[in-house]
Amino acid sequence: MSLEPARFEEFFAALHEGRKPFPWQRRLCDSVMQSGWPRMLALPTASGKTSCIDVALYALAADAPQAPRRILFVVDRRVVVDEAYVHACTIAQRLREAAGGILEEVASGLRRRRGDDPSGDDDPLSCHQLRGGIYRDNAWARTPSQPAVICSTVDQIGSRLLFRGYGVSDFLQPLHAGLVGNDTLILLDEAHCSNPFRQTLEMVARYRSSSGTASSAPFAYALLSATPSSGDGEDVETAFSLDVDDENDDVLGPRLAARKPAHLIELGERTATAPFADRMIEQALSLAEGGAKRIGIIVNRVRGAQLIFERLRVPTERKALFVGRMRPLDRDASMKRWRDVLRSGSTRALDEPVFVVATQCIEVGADLDFDALLSECASLDALRQRFGRLYRLGEPAGSDPLVRPPGVVVIAKDGMKNDDPIYGAALRGTWEWLGRHADERGCVDFGVAAMKPLLANGAPPATLIEAENAPVLLPTHLDQWVQTSPTPEHEAEPSLFLHGSHGDSPDVQVCWRADLEGSDPETWAEIVALCPPSVGECMNVPLVQFKRWLTGEKDTAAGDIEGLDEPADAPDVDDAGKIVLVWRGDDSFPTTNPRAVRAGDTVVVPVATRGWNELGYVPSETNEHDDCAEHAMLRARRRIVVRVHAALLARFPERDARQPLERLLARARSVDESAPEPADVFDAVATALAPLRRDSMPGWQTIVAEAFRGKRAFRHFRVHDHPGGGWVVERRLPLSATAMKAFAVQDPASDFTTEDDSSSFTTAVSLKDHLAGVAEFARTFASACALPESVVSDIALAASLHDLGKADPRFQSWLRGGAPAFVAGSLEGLLAKSSGASDRRARDRARRRAGYPEGGRHELLSLKLAESSADVADRANDLDLVLHLIASHHGRCRPLAPAVDDPDGCEVVLADDARVYRHAGPTGAERIDSGVSDRFWRLVRRYGWWGLAHLEAIHVLADHRRSEYEQMRKDAADQENDDDA
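Remember, predicted model here, so these are calculated numbers, not experimental data. (Residues numbered from 1 in each chain as written. Predicted model: local features only at pLDDT ≥ 70, side-chain atom pairs only at ≥ 80, totals over all residues. Heavy atoms only, no water.)

K.L.:
So, the overall build of the protein: which residues are in play, and what are the values?
P.N.:
Across its full length, the protein holds 37 helices and 26 strands. Relative to the compact-globule value of 30 Å for 981 residues, the protein shows a C-alpha radius of gyration of 29 Å, a close match. Projecting the C-alpha coordinates of the protein onto the three principal axes gives extents of approximately 95 × 70 × 60 Å. Put simply, 76% of the contacts in the protein that link residues at least 6 apart link residues at least 24 apart. Total accessible area on the protein is roughly 36,800 Å²; 47% of this is exposed by carbon and sulfur atoms. (Helix = DSSP H or I, 4+ residues; strand = E, 2+ residues; numbered from the N terminus. Rg over C-alpha atoms; globule rule 2.2 N^0.38 Å. Contact = heavy atoms within 4.5 Å. Areas by Shrake-Rupley, 256 points an atom, 1.4 Å probe, with all protein chains shown as cover.)

K.L.:
Summarise the sheet that holds strand β4 (residues 148-153); cite the residues concerned and give the values.
P.N.:
Sheets are built from strands that pair by backbone hydrogen bonding, the pairs being arranged parallel or antiparallel. What the seven strands build is an open sheet, ordered β3-β4-β2-β5-β6-β1-β7; its pairing is parallel. At either end of the open sheet lies a strand with only one pairing partner, and these are β3 (126-130) and β7 (240-241). In this fold helix α4 (residues 83-96) packs onto β2 (70-75), β3 and β4, with an angle of close to 165° to the strand it touches most, β3. (Pairing = 2+ DSSP bridges. Axes fitted to C-alpha atoms, helices over the stretch in contact; angles between N-to-C directions.)

K.L.:
With reference to specific residues and values, describe the packing of aromatic side chains.
P.N.:
Aromatic ring pairs are defined here through the distance separating the ring centres and the angle between the ring planes. The full count for this structure, using the stated rule, is 23 aromatic pairs. Both rings, one in Phe-682 and one in Phe-717, keep their centres 5.2 Å apart while their planes meet at 50°; by these two values the pair is tilted. Here Phe-717 lies in strand β21 (residues 717-721) and Phe-682 lies in helix α26 (residues 678-689), a separation of 35 residues in the sequence. Look at Phe-717 and you get buried, because its relative accessible area is 5%. Arranged with centres 5.4 Å apart and planes meeting at 25°, the rings of Trp-814 and Tyr-852 form a pair that is stacked. (Phe/Tyr/Trp six-rings, centres within 6.5 Å; stacked < 30°, edge-to-face > 60°. Buried < 20%, exposed > 50% of the residue type's maximum accessible area, 1.4 Å probe, protein only.)

K.L.:
I'd like a rundown of the sheet that holds strand β19 (residues 602-606), residues and numbers included.
P.N.:
The five strands are arranged β16-β15-β19-β17-β18 in an open sheet whose pairing can be described as mixed. Bordering the open sheet on either side are β16 (539-542) and β18 (589-591), each of which pairs with just one other strand. Within the sheet, the average angular offset between the axes of one strand and its neighbour, ignoring direction, is 35°. Set on the sheet, helix α22 (residues 543-550) makes contact with β15 (507-513), β16, β17 (580-583) and β19; between it and β16 the angle comes to about 85°.

K.L.:
Requested: an account of the pattern of salt bridges, with residues and values cited.
P.N.:
Evaluation of the coordinates by the stated rule reveals 58 salt bridges. Of the charged contacts in the structure, one is a salt bridge between Arg-27 and Asp-246, with a shortest N-O distance of 3.3 Å. With Arg-27 in helix α2 (residues 23-35) and Asp-246 in helix α10 (residues 244-247), this residue pair connects regions lying 219 residues apart in the sequence. Given a relative accessible area of 28%, Arg-27 falls into the partly exposed group. You can call Asp-246 buried: its relative accessible area is 0%. Note that Arg-112 is salt-bridged to Asp-63, the shortest N-O span being 3.4 Å. (Salt bridge = Lys/Arg side-chain N within 4 Å of Asp/Glu carboxyl O.)

K.L.:
How would you sum up the packing of helix α3 (residues 52-61) against helix α5 (residues 101-114)? Please name residues and give values.
P.N.:
Look at α3 against α5: their axes get within 8 Å of each other, and the N-to-C directions meet at 70°. Viewed along their axes, α3 and α5 adopt a mutual orientation that is roughly perpendicular. Once α3 is placed against α5, the crossing between them reads as left-handed. The segment α3 lies against α5, with Leu-57, Tyr-58, Leu-60 and Ala-61 engaging Ile-102, Val-106, Gly-109, Leu-110, Arg-112 and Arg-113. Residues of the contact of α3 with α5, tallied by class, amount to seven nonpolar, one polar and two charged. (Parallel < 35°, antiparallel > 145°, perpendicular 65-115°, else oblique. Left-handed = near helix turned anticlockwise from the far one by under 90°. Nonpolar A, V, L, I, M, F, W, Y, C, P; charged D, E, K, R; others polar.)

K.L.:
Let's hear about the packing of helix α30 (residues 789-801) against helix α35 (residues 879-887): which residues, and what values?
P.N.:
Two numbers describe how α30 lies on α35: the axes approach to 9 Å, and their chain directions differ by 40°. As summarised for this structure, α30 and α35 are arranged oblique, according to the angle between their axes. The handedness of the crossing between α30 and α35 is right-handed. Here α30 contributes Val-791, Asp-794, Ile-795, Leu-797, Ala-798 and Leu-801 to the contact with α35, which in turn contributes Leu-881, Val-882, Leu-885 and Ile-886. Here the contact of α30 with α35 is composed, by residue class, of nine nonpolar, no polar and one charged.

K.L.:
Account for the confidence of the model for the protein, naming residues and giving values.
P.N.:
For the protein, per-residue confidence averages 88 on the pLDDT scale, and 91% of positions sit at 70 or higher. In the predicted structure, residues 742-755 sits below a pLDDT of 50 and forms 56 contacts with residues beyond four places in sequence or in another chain. (pLDDT = per-residue confidence, 0-100.)

K.L.:
Lay out the side chain of Arg-164 in plain terms, naming residues and giving numbers.
P.N.:
The topology assignment puts Arg-164 in the loop between α6 (154-161) and α7 (173-180). With near-sequence residues (within four places) excluded, Arg-164 lies in contact with Ser-159, Gln-173, Gln-480, Trp-481, Gln-483, Thr-484, Thr-487, Pro-488, Glu-491 and Pro-494.

K.L.:
I'd love a proper account of the pairing of β16, names of residues and values included.
P.N.:
Judged by which residues are buried, β16 turns out to be covered on both faces: Met-539 and Val-541 on one side and Asn-540 and Pro-542 on the other are all buried. Pairing of β15 with β16 involves four bridges; the strand directions are antiparallel. Bridging across to β16, Val-508 finds its partner in Val-541.

K.L.:
Break down the nonpolar core for me, with residues and values.
P.N.:
Ranked by size, the top nonpolar core spans 98 residues in total, and within it Leu-787, Ile-795 and Trp-946 carry the most contacts. Not counting chain neighbours up to four residues away, the residues in contact with Trp-946 comprise Leu-161, Phe-163, Ala-177, Gly-178, Gly-181, Asn-182, Val-204, Tyr-207, Arg-208 and Leu-478. Counting 70 residues, the second largest nonpolar core, distinct from the first, contains Ala-292, Val-341, Leu-342 and Ile-411. (Core = buried A, V, L, I, M, F, W, Y, C linked by side-chain atoms within 4.5 Å.)

K.L.:
Describe the environment of Val-728, with residues and values.
P.N.:
Within the fold, Val-728 resides in strand β22 (residues 727-731). Judged by its relative accessible area of 1%, Val-728 falls in the buried class. Residues within four places of Val-728 in sequence aside, it is in contact with Leu-530, Val-641, Val-642, Arg-643, Arg-718, Val-719, His-720 and His-722.

K.L.:
Now, about unusual backbone geometry: what can you tell me, with residues and values included?
P.N.:
The step from Ser-485 to Pro-486 runs through a cis peptide bond, and the omega angle for that step is -5°. Positionally, Pro-486 belongs in the loop between α19 (475-481) and α20 (496-499). Residue Arg-894 is joined to Pro-895 through a cis peptide bond whose omega torsion reads 15°. Tracing the backbone through its elements, the reader meets Pro-895 in the loop between α35 and β25 (906-912). Of note in the backbone geometry, Arg-610 takes a positive phi value of approximately 60° without being a glycine. Residue placement: Arg-610 occurs in the loop between β19 and α23 (612-615).

K.L.:
Tell me about the pairing of β4, residues and numbers included.
P.N.:
Within β4, six of the six residues are buried, leaving the element largely enclosed by the surrounding structure. Where burial is concerned, the two faces of β4 agree: the one with Ala-148, Ile-150 and Ser-152 and the one with Val-149, Cys-151 and Thr-153 are both buried. As paired elements, β2 and β4 share six bridges and run parallel to each other. By the bridge assignment for β4, Val-74 is matched with Ser-152. Sheet topology note: the β3/β4 ladder contains five bridges and is parallel. Bridging across to β4, Ser-126 finds its partner in Ala-148.

K.L.:
I'd like a rundown of α26, residues and numbers included.
P.N.:
Spanning 12 residues, α26 covers 17 Å between terminal C-alpha atoms, matching the ideal 16 Å at 1.5 Å per step. Taken together, the buried positions of α26 are occupied by Val-681, Phe-682, Ala-684, Val-685, Ala-686, Ala-688 and Leu-689. (Expected span 1.5 Å × (residues − 1).)

K.L.:
Hey, could you go over the side chain of Asp-959 for me, with residue numbers and the actual values?
P.N.:
Topologically, Asp-959 is positioned in helix α37 (residues 945-980). Lacking a salt bridge, the buried Asp-959 has Lys-833 as its closest oppositely charged neighbour, with an N-O distance of 5.2 Å. With residues near it in sequence (within four places) discarded, Asp-959 still touches His-770, Val-774, His-802 and His-889. (Lys, Arg positive; Asp, Glu negative; His and termini not counted.)

K.L.:
Outline the state of the cysteines, supporting the account with residue identities and numerical values.
P.N.:
As enumerated under the stated definition, the model contains zero disulfides in all. Unpaired in terms of disulfides, Cys-511 finds its nearest cysteine sulfur in Cys-538, a separation of 4.3 Å. (Disulfide = S-S within 2.5 Å.)

K.L.:
Go over the environment of Asn-248, please, and point to the residues and values.
P.N.:
Along the polypeptide, Asn-248 turns up in the loop between α10 and α11 (252-257). C-alpha of Asn-248 to C-alpha of Pro-23: the two residues are 225 residues apart in sequence and 9.6 Å apart in space.

K.L.:
Break down the environment of Val-535 for me, citing the residues and quoting the values.
P.N.:
Secondary-structure assignment places Val-535 in the loop between α21 (524-529) and β16. Accessibility expressed as a relative area gives 35% for Val-535, which makes it partly exposed. Each C-alpha atom, one on Val-535 and one on Arg-327, is 8.3 Å from the other, the two residues being 208 residues apart in sequence.

If you want it as structure tokens, here you go:
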């Protein structure tokens, strides 16, 4: 039986334990499968709009025309919890475990769309959160054909779409742009707040359809809004919206009809001040005296929320603070603690009221339900979103909101007089509009049904943030951005096309490390490289606010809306006094210069510098959890790392157990003592961890402690010297999925990148096997992406040749640790990768011994060898494409090849199945007349800006996934050998 639109109800009920879809959800599925996605969906809060994901997945599994395989749910808030992501993960788990019925049919349809995976991966759906760029953390971009749901922000998705992904290295930009710009559906939530990005999406869609032959991969976007503006014109008039069937639905109807009256109160204090916080607390306590048990307090400033939380005199267990600027580990722990109390439909009885203080971060994406709500005045759309968290499932039984209104909206003194830094004139305009529509008690009903007649033609423009316009996106802009290596010295600023000219401040990711204390800042990059930053430990902070913190300026006006913080006037200083590490892998550096920090950067701050509660919020009354690197590493990469450093010994709470570590550290500092053996360090760590193997300890510490148990455990670990004094003990093999099941890891990150040749030093693999394996992966991925057979053949051909340049005798010597040059006349005996030289210093020593040039690029020699063979030209359908894919598979040659100081070059002659490849001397690829640049621009015109990037992404990811597969096979063999031993 095929997956027809009529069966969507059956799918939905099977997915959600018998719950039927709302009428609009059935209508939307039918419309999408017949004619594609509507441009705008006007759906109020609590109407179940995250089910747009269900519709998109069903259409994809049913092979609906132009159904994209990547679904991006995008919002402009720094959200505290993303229910869309949780929703998608639930779907993925149900489909993965399906053993019959329509769920298995849908799972099979998704697997059919992804195609066979040579690595054996069989997941029908993957789910990811992309909340900030972390160097080498690209789990969402692993497989080009994998059906996926990705929840992210305007900054993260928009910057990638424009080839300038925040936090993404230049050499990975085309990969990200190729995946975001092809085979993608973008669901832009609360789209009226993101007008510049909306305009940019429209232009991107136009340019994709008018250029290139490989842009046939689907690309669609839909605008979701609970409050369309009357200025949206045709989009509002033709918007997909609720109808009378929805209003009469047994479940949805009460949500729409719920009454939510709120008193309007003017305060005489300035916002985000101590007097303002005290007045807000008075109002909240008044709501509690009226019988409310779950009271939400939502304000516009992070600082205002912090003040209210600090000055609210109730026990800690009865109050919570949620701001978008929290580390994911802290956020997850807080939400786990409070979810049972605050989620919709909670039956948890409360003896005393609880207070939740928050910013805009809970306006969207959070399934929180309050029975009283106090809000600072904002734009009308923001207020409606906030009141969507009041009576979320309808009026509680026995309540009469007209007798005791459950809501309060207050306006601060400065909001009455001046334009707001975040909401501009819309805050005052909204207050005036509310005043005109208030009843005799000074109340306004924020219920959906009550607001409907007032907003029949959309929200008045005066009540919304003034719509910013993006600059007109021109082909010249795209020609600038598509140049990713090297990038042009002068180019248009991408953020203008995401947020317009209004005070945009993209985020940076900030984490804190204790083991930088007392070390030379020049060694910080080496220290952090032993345990690289992971998503869970990094706080998203607006770039401007971070720079102001560096210089000691106070942050009082920032909220949690992307691009709408106070004007982006960064401090104009070169030396802030505070020193931090800008983490960019091998290119990391310490700095005191705020100008050196760029949008999307990951910044590592010494714990002694503090700042976590000035930049955001870390819910800890002690410094115990300021550095959570090991916890985050385990969550993100399934790897166990334990840093042994004097500043971190307090994590081992029992003094007797940690004494062996203290003695080893003292011995290491003594010039008279010999260095401890790795086995001694391992045993001391195991002893210190032993008391933590108790059920009462946090899950991650239990997992780490258990990994150190057993007589043979040392076989699984490596011990590295810590440049700051001490050691880093690292488990060689990632934990299995079974071991991590209780830890709920969704996104193990990929460590394979295109940054440098370090990925050639992972595990020993022959060049012949690697080329054949990558070609197999490339053909499988390209076929699954439904590319024309001629293009599939060319991608596979390029993959079979991409690493020929590793036949350079000097490169072969490098892989062998600098041993005498290995010269071969065929692929037999040549290596693609080796397991030697595991760290950067060892690799550099081996490279110098081998005589391989610093900055050498093996792909440039691969290009020359491919050009030398008439057979390659005969086999290629588009020789330009084959040669470009070879040259660009590490992100270079877009449009120029890097210059390498290698005047003599090398001589290589290879014979393979009667095919001969030869080259002598330098490659000369950096020359302007080499053909590299001309070839690139011909291909951009032939396939389109995003079309060419898509083909490159398929080729690059085939190389990444094959390398990962080779490493996994080696890890499995090592694990088996260790177990047998």
